[in-house]
Each structure stands twice: as C-alpha cells, then as structure tokens.
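Each chain, written out:
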Amino acid sequence: MSDPDDADDEVTAETAGEGDRSPVLLVRGDREYLVEPGDEMGTDLGVLDVPEDVRPGDALETHLGDEFRVRRLRGPDLFHHFERTGAPMVPRDIGLVIGETGIARGDRVLDAGTGTGVLAASMARAGASVVTYERDPEFADVARENMALGGVADAVDVRTGDVLEDLDGLEPSSFDVCTLDTGDAPSIVDYAPTLLVDGGFVAVYSPFIESTREVVTAAREAGLSNVTTRETIQREMQFDDRGSRPSTAPVGHTGYLTIARNE
Ligand SMILES: C[S@@+](CC[C@H](N)C(=O)[O-])C[C@H]1O[C@@H](n2cnc3c(N)ncnc32)[C@H](O)[C@@H]1O
C-alpha cells in the first residue's frame, strides 16, 4: 500500500486516465463505452480506433464520421463500469458514509466485505488508505482488477479471507474508520473500540432492519457512542410538461446506515 503522505508514488483520480494507459470512457449521447488505449471498438455508428495516446477531452470519430468524446472515469462511473460481484453500494450511500465519517486524505480505513469494491475505491479516491477483506477468492480477484480500473490499486489492499479470522491480529488503534457491509457486521463491531483511534468512526450498511437492530445492540454493548441509524432513501423528482412531482418509480430505499463513534 502506498504511503498517503508520499504524493510522488500515488495514483490519484487526477492522474488516472490522463496521458497514461488507463481505460477511458467514450461518450456520445446516451451511448457510453469503456475502452483501453489501442482498442478497436465496433458500434452501430461504425468502427473507432482508440489511439494509444488517447486523452480525456479528445474527440474521436468512427470510420463513418460520428464523434465520441473521451472522458476519464469519475466516482459514479465506477458504480456503472466496475465488474460486479457483491452488491455494490450506490453513489448516494457512499456519499453518506464519507460525509458522516469525514473520510479524507491520510485516513486509514478497515473495510469489509470488499464485494465489487465500489465503496473501497471511492474512499481511496477521497485520499484514504484502505485495507479491505473479501472472503470469496474470485470476488477478491475481480475487486483487485476493479481497483486498477479505478486508479487506486496502490491505495487499496484487497485481502482474501474472512475478516473475522484476522481481527485479533490487526494492530490496535490502527484505523480511523471502519466500514462494514456484511451480514456478520455485529460480530465485527465488537472489535471497533480496539481497532479504531480515539474519535474514529464505524459505519455499517445493512439491507434489513433486523440486522440493523443487531448492529445497534452490538455497538452499544461495545461501548461506542453516538450510535445513530438512518434509513437511506431518496426521491427522484420528475419535471415534464404536465408538472413537477416525485418520481413514481418505487426505488428510493436502499438500506440502513448506522454510524457510531469510538470515544
Ligand atoms: C454487499 S457486498 C459489499 C459491497 C461493497 N460495499 C461495494 O461497495 O462494492 C458484501 C461482500 O462481503 C463479503 N463478506 C461477507 N462476510 C464477510 C467476512 N466476514 N469477511 C470478508 N468478506 C465478507 C461477501 O462475500 C460479499 O462479497
């Protein structure tokens, strides 16, 4: 893992995709393709050769003359373009985790489970060094590839294995934040007072209210303070010729986010 204080060897969101051989997005209207420098891309609009020195901001044409803009990947693009394994956290919930815990440059984060790795990569792109555990070896391999795609392979240590088996061996007070997105989160929460620095946060994402209650109980019994749970729900607004109102699409709820502090 890179030293977060050493800017020279850090691969950041600023450098990823700019003049290096990182994948980039080709965008035209609602079409969006993830490509690598040197790729040949076939579309219904013709064939497009991606130059080896492709850069964000470039405009490329297919052999039929249709133009695509070149973009580097940003945070929400990871959600759409990472190869999916464990259900990835949606961008708004990632925003809540980062906002509620204050994750910033130089922070050390313990994350479990990695899954697709969207949360781990997003925290690394915010400047944190992340140790993340994934017990499914194939998922862990995919997550490592996703970290490379997100430009944060050096900042995210994807460890294959059950985090519960390693907790006793982790150095006390070695993490600023612990993020949990697993069914066995209550058992991991027990270790939060040992693993977190004074004032550090634990953030637990739970899909069901039953598991959320177990997390809250575990956090209280562990002696964590400011234990707070919020449902994460958001209404999309629709604006059309007839008027403006919340979308009637029934997807707004994603889960429950419990935050607690070590103090
Ligand atoms: C919902 S996914 C996590 C998604 C992740 N937060 C993201 O944004 O992509 C949960 C993952 O945790 C893994 N997992 C569950 N319990 C675990 C444990 N005790 N140790 C390590 N990984 C675990 C599962 O295999 C699964 O891939």
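Note that the structure is a prediction, hence the values are computed from the model and not measured.

J.: Tell me what's going on with the sheet that holds strand β6 (residues 67–71), and back it up with residues and numbers.
T.: Spatially, the four strands line up as an open sheet ordered β2-β1-β6-β5, and their pairing is antiparallel. Edge positions in the open sheet fall to β2 (31–35) and β5 (59–61), since each of these has one partner strand only. Here the average twist between neighbouring strands, direction ignored, is 30°. By the bridge criterion, five bridges tie strand β1 (residues 24–28) to β2 in an arrangement that is antiparallel. When the bridges of β2 are listed, Val 24 appears paired with Val 35.

J.: Help me get a handle on the domain arrangement of the protein, residues and values and all.
T.: By domain assignment, the protein separates into domain 1 (24–72) and domain 2 (77–261). The C-alpha-based centres of domain 1 and domain 2 are spaced at 33 Å.

J.: Run through the sheet that holds strand β7 (residues 108–112), naming residues and quoting values.
T.: Strand order in the open sheet made by the seven strands is β9-β8-β7-β10-β11-β15-β12, with mixed pairing throughout. Each having just a single partner strand, β9 (156–160) and β12 (225–233) make up the two edges of the open sheet. Averaged over all pairs of adjacent strands, the angle between their axes in this sheet comes to 15°, without regard to strand direction. As paired elements, β7 and strand β8 (residues 129–134) share five bridges and run parallel to each other. Looking at β8, one finds that Val 109 is bridged to Val 130. Sheet contacts for helix α2 (residues 91–101): β10 (175–180), β11 (196–206), β12 and β15 (253–261); angle to β15, the most-contacted strand, approximately 10°. Helix-sheet contacts for helix α4 (residues 137–149) involve β8 and β9, and the interaxial angle to β9 is about 170°.

J.: Tell me about the site of the ligand, and name the residues and values.
T.: Taken together, the neighbourhood of the ligand is formed by 23 residues, with Gly 86, Gly 113, Gly 115, Leu 119 and Thr 182 sitting nearest. Counting residues per element, the ones that place at least two in the shell around the ligand are α3 (118–125), β8 and α5 (163–166).

J.: Describe in detail the pairing of strand β14 (residues 243–246), supporting the description with residues and values.
T.: As paired elements, strand β13 (residues 237–240) and β14 share four bridges and run antiparallel to each other. Its bridge partner being in β14, Met 237 is matched across the sheet by Pro 246. Connecting β13 to the antiparallel partner β14 that follows it, the hairpin turn spans two residues.

Conventions we followed
- Residues numbered from 1 in each chain as written.
- Predicted model: local features only at pLDDT ≥ 70, side-chain atom pairs only at ≥ 80, totals over all residues.
- Pairing = 2+ DSSP bridges.
- Helix = DSSP H or I, 4+ residues; strand = E, 2+ residues; numbered from the N terminus.
- Axes fitted to C-alpha atoms, helices over the stretch in contact; angles between N-to-C directions.
- Domains from an automatic or database assignment.
- Contact = placed C-beta atoms within 7 Å.
- Near = placed C-beta within 6 Å.

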